[in-house]
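Architecture and fold: a report
What follows is the residue order along each chain.
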Amino acid sequence: MINETSAVAFRQNLGEMLNQVQYRHDSIVINKDGKPVAALVDARLFARIRRMQARFDALCQRIEAGYAETPEAEGLAEIDAAVADARAGR
């Protein structure tokens, strides 16, 4: 479950919130001035997010290398065509 709390309430209830994350595997979004600024998540989930980020970064590098010789205008035209195809349901 994802809970939200203010930064002040988070500071006041840190121990309880750590227990929620550790034992119930909840996540907590911390808001400051009504806007989300941080999240407290289970360490295993955080490790998984980091692995996913590394895989995403590697994929981006492969795509970038694959299009290194493609002029920017041609690449953007390909992207526009792919988006149009996806929106048309092809």
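None of these values were measured; they are calculated from a predicted model.

What follows deals with unusual backbone geometry. The phi dihedral of histidine 25 falls on the positive side, at around 60°, and the residue is not glycine. Relative to the assigned elements, histidine 25 resides in the loop between helix H2 (14-24) and strand E2 (27-32). Residue classification places histidine 25 among the partly exposed positions, given a relative accessible area of 42%. Residue aspartate 33 is not a glycine yet carries a positive backbone phi of 55°.

This brings us to the sheet that holds strand E3 (residues 35-40). Spatial ordering of the open sheet is given by E1-E2-E3, a layout of three strands whose pairing is mixed. The outermost strands of the open sheet, each flanked by one partner alone, are strand E1 (2-6) and E3. Shown here is a sheet whose adjacent strand axes are inclined to one another by a mean of 30°, direction ignored. When E2 meets E3, the two strands line up antiparallel, connected through five bridges. When the sheet's bridge partners are listed, valine 29 is paired in E3 with alanine 39.

To continue, consider the side chain of aspartate 26. Tracing the backbone through its elements, the reader meets aspartate 26 in the loop between H2 and E2. Engagement of the side chain of aspartate 26 in a polar contact is seen with the side chain of arginine 24, the distance being 2.8 Å. With residues up to four places along the chain from it excluded, the contact list for aspartate 26 reads Met1, Asn3, Gln20, Val21 and Leu40.

Turning our eyes to something else, we now look at the nonpolar core. Nonpolar side chains in soluble globular proteins tend to be buried together. Ala7, Phe10, Met17, Val21, Ile28, Ile30 and Leu40 together form the largest nonpolar core, which totals seven residues. Of all the secondary-structure elements, those providing two or more residues to this core are helix H1 (7-12), H2 and E2. In this structure isoleucine 30 touches Thr5, Ser6, Ala7, Phe10, Lys35, Pro36, Val37 and Ala38, once residues within four positions along its chain are discounted.

Following the sequence through the fold, aspartate 42 ends up in the loop between E3 and helix H3 (43-66). Setting aside residues up to four positions removed in sequence, aspartate 42 forms contacts with Val21, Gln22 and His25.

Bringing the pairing of E2 into the picture now. The side chains of a regular strand alternate, residue by residue, between the two faces of the sheet. Pairing of E1 with E2 involves five bridges; the strand directions are parallel. Note on E2: the bridge partner recorded for threonine 5 is isoleucine 30.

Reading guide: rules and limits
- Residues numbered from 1 in each chain as written.
- Predicted model: local features only at pLDDT ≥ 70, side-chain atom pairs only at ≥ 80, totals over all residues.
- Heavy atoms only, no water.
- Helix = DSSP H or I, 4+ residues; strand = E, 2+ residues; numbered from the N terminus.
- Buried < 20%, exposed > 50% of the residue type's maximum accessible area, 1.4 Å probe, protein only.
- Pairing = 2+ DSSP bridges.
- Axes fitted to C-alpha atoms, helices over the stretch in contact; angles between N-to-C directions.
- Polar contact = N/O pair within 3.5 Å; in protein donor to acceptor, adjacent residues only side chain to side chain.
- Contact = heavy atoms within 4.5 Å.
- Core = buried A, V, L, I, M, F, W, Y, C linked by side-chain atoms within 4.5 Å.

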